[in-house]
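Descriptive analysis of the structure
The lines below spell out each chain.
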Amino acid sequence: MTVLVVGSKGNMGERYRVGLKWIGVKSVGVDIGTPIPKKSSYDRIIIATPTKTHMELLERYAEYGKPILIEKPIARTKGELH
């Protein structure tokens with residue numbers, strides 16, 4: 001299994017990658033504005049970016065049909081949820 005960590009250079013993204021490595025799970029890291037790896041190169045996704053980007057990234061990655069974990073909170077207000 002390989003997990004894509006979006007926001008991998010941030011505080012929480014780094015923590016997720018360390019935790020995944022500790023339990024023996026391979027991870028691939030990307031940050032906002034960097035090319036997204038081929039969807040065949042990972043099985044699951046963690047979104048660990050600033051809250052204001054969560055909904056946009058969820059919509060983008062949901063198209064891939066892979067399980068997604070989003071760092072809390074998913075949005076700052078109810079109005080940001082679509």
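Reading guide: rules and limits
- Residues numbered from 1 in each chain as written.
- Predicted model: local features only at pLDDT ≥ 70, side-chain atom pairs only at ≥ 80, totals over all residues.
- Heavy atoms only, no water.
- Helix = DSSP H or I, 4+ residues; strand = E, 2+ residues; numbered from the N terminus.
- Expected span 1.5 Å × (residues − 1).
- Phe/Tyr/Trp six-rings, centres within 6.5 Å; stacked < 30°, edge-to-face > 60°.
- Lys NZ or Arg CZ within 6 Å of the ring centre and 35° of its normal.
- Pairing = 2+ DSSP bridges.
- Axes fitted to C-alpha atoms, helices over the stretch in contact; angles between N-to-C directions.

1. Focus: helix H1 (residues 11-22)
- An ideal rise of 1.5 Å per residue puts 16 Å on twelve residues; H1 measures up with 17 Å between its terminal C-alpha atoms.
- Positioned one or two residues after H1, Gly24 has a phi angle of 85°, which is positive.

2. With respect to unusual backbone geometry
- Residue Pro73 is reached from Lys72 by a cis peptide bond, and omega for that bond is -10°.
- For Pro73, the position within the fold is in the segment after strand S4 (68-70).

3. Considerations on the packing of aromatic side chains
- This structure, assessed with the given rule, holds one aromatic pair.
- Sitting above the plane of the Tyr42 ring, Lys66 keeps its charged end 5.3 Å from the centroid.

4. Let's talk about the sheet that holds strand S3 (residues 44-47)
- As summarised here, the arrangement of the four strands in space is S2-S1-S3-S4, forming an open sheet in which the pairing is parallel. The open sheet has two edge strands, strand S2 (26-30) and S4, and neither has a second partner. If you compare each strand with its neighbour and ignore which way they point, the axes differ by 20° on average.
- Relative to S4, S3 runs parallel, the two sharing three bridges. Its bridge partner being in S4, Ile47 is matched across the sheet by Ile70.

Function cannot be inferred from these measures alone, as they are strictly geometric.
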